[in-house]
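Spelled out, the chains give:
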Amino acid sequence: MATLLLWYLGWATYLVVYGASFITPIIIQAGFLGRVENNNQTSGNETESASDVVPCVEFTQENFIDLLWMSCAELPGLLIFTFIAEKWSRKMTLSISCIINGILLLLLLLRTYKSVILIILFAIRGFMVAISRLVFIISLEIYPTTFRSVGLAYHLLFGELAGFVAPYVAQVLVYDQPEAAIGVLSGSIILAGIAAAFLPFETKGVYMKEVAK
């Protein structure tokens, strides 16, 4: 059971890590998630061009600065979680963090000031990088040495599989149906929080087994 839960945790966390990275430029440019309205729309009989659905707009200097400090969210996230993971239960920390992050993802659908959305996105990216590293640590600690590398490899495999899904969700679906796209990301990470709560045992401070019994 622990293996199946870890596979799902790997898939869900990487899905949201990739998804948050993909939607960052969209939010930086548009200030919100959703389809960009085109005032020069053609009549209903004409085919809509790809540029109307997914507009290609050059980044300004301000956009690049926003992207830079948004990417810096990973550092404080890792530092804070390094401290928390050593003080609190790994399961509890992972479960609560995933659920909080799922709620933050839903807040991206708000139509409010761009600065507010960017702050929420900053928190999401900081949370998600830290969560993915915490899942990585748990995957190392939960398996005995004899097949720890195999268990970790499968965890990473499911994480990479999420990389195939993330571009469609966060770069295609998000334009026409932002609610559905965010629902997939938020629902996945909230379920990951529930899955973390059902991990069979706590790994913090536990002696790492050498062989399986």
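In the annotation of an unreviewed UniProt entry, the protein is listed under the name Major facilitator superfamily (MFS) profile domain-containing protein and assigned to Larinioides sclopetarius. Word for word, the UniProt comment on the protein under Sequence similarities (unreviewed entry) is "Belongs to the major facilitator superfamily."

On to the overall build of the protein, then. Of the regular secondary structure elements, the protein holds eight helices and zero strands. The linear arrangement of helices and strands in the protein, starting from the amino end, is α-α-α-α-α-α-α-α. Looking at the protein residue by residue over its 213 residues, the buried ones come to 40%. Contacts in the protein between residues far apart in sequence, at least 24 positions, make up 84% of those at least 6 positions apart.

Our focus in this paragraph is the pattern of salt bridges. Tallied over the entire structure, the rule returns one salt bridge. Here Asp66 ties to Lys114 by a salt bridge, and the two come within 4.0 Å at their closest N and O atoms. With a gap of 48 residues between them, Asp66 in helix H3 (residues 61-71) and Lys114 in helix H6 (residues 114-142) connect regions that are remote in the sequence. A relative accessible area of 10% places Asp66 in the buried class.

Turning our attention to the nonpolar core. With 51 residues, the main nonpolar core has Leu9, Ile23, Leu94 and Leu108 as its most contacted residues. By residue number, the principal contributor to this core is helix H1 (residues 2-30), which donates 14 residues.

Right, let's get into the UniProt feature "transmembrane region" (unreviewed entry) in the protein. Per the UniProt record, "transmembrane region" (unreviewed entry) is found at residues 7-28, 92-110, 116-140, 152-174 and 180-199. Segment residues 92-110 splits into 84% helix and 0% strand. End C-alpha atoms: 29 Å apart. Secondary structure over residues 116-140 splits into 100% helix and 0% strand, and the C-alpha atoms at its two ends are 37 Å apart.

Another aspect to go through is the packing of H1 against helix H7 (residues 148-176). Packing of H1 against H7 brings their axes to within 7 Å, and their N-to-C directions diverge by 35°. For the crossing formed where H1 meets H7, the hand is right-handed. Its residues placed into classes, the contact of H1 with H7 shows 20 nonpolar, six polar and one charged.

Moving on to a nonpolar patch on the surface. On the surface, Phe147, Val150, Tyr154, Leu157, Leu161, Phe164 and Val165 cluster together to form a nonpolar patch covering roughly 640 Å² of accessible area. Its location among the elements puts Tyr154 in helix H7. When its relative accessible area of 40% is taken as the criterion, Tyr154 is described as partly exposed.

Since there are 3.6 residues in each turn of an α-helix, residues three or four apart along the chain are aligned in direction. Where H3 is concerned, the buried positions are Asn63, Asp66 and Met70. The arc enclosing the buried residues of H3, seen along the axis, measures out at 60°, which places them on a common side. Along H3, exposed side chains directed more than 90 degrees from the buried face belong to Gln61, Phe64 and Leu68.

The rules behind these values
Residues numbered from 1 in each chain as written. Predicted model: local features only at pLDDT ≥ 70, side-chain atom pairs only at ≥ 80, totals over all residues. Heavy atoms only, no water. UniProt positions renumbered as here; feature names shortened; annotations may be inferred. Helix = DSSP H or I, 4+ residues; strand = E, 2+ residues; numbered from the N terminus. Buried < 20%, exposed > 50% of the residue type's maximum accessible area, 1.4 Å probe, protein only. Contact = heavy atoms within 4.5 Å. Salt bridge = Lys/Arg side-chain N within 4 Å of Asp/Glu carboxyl O. Core = buried A, V, L, I, M, F, W, Y, C linked by side-chain atoms within 4.5 Å. Axes fitted to C-alpha atoms, helices over the stretch in contact; angles between N-to-C directions. Left-handed = near helix turned anticlockwise from the far one by under 90°. Nonpolar A, V, L, I, M, F, W, Y, C, P; charged D, E, K, R; others polar. Patch = residues over 30% accessible without salt bridge, like charges linked within 9 Å, V, L, I, M, F, W, Y side chains within 5 Å. Areas by Shrake-Rupley, 256 points an atom, 1.4 Å probe, with all protein chains shown as cover. Arc of directions from axis to C-beta.

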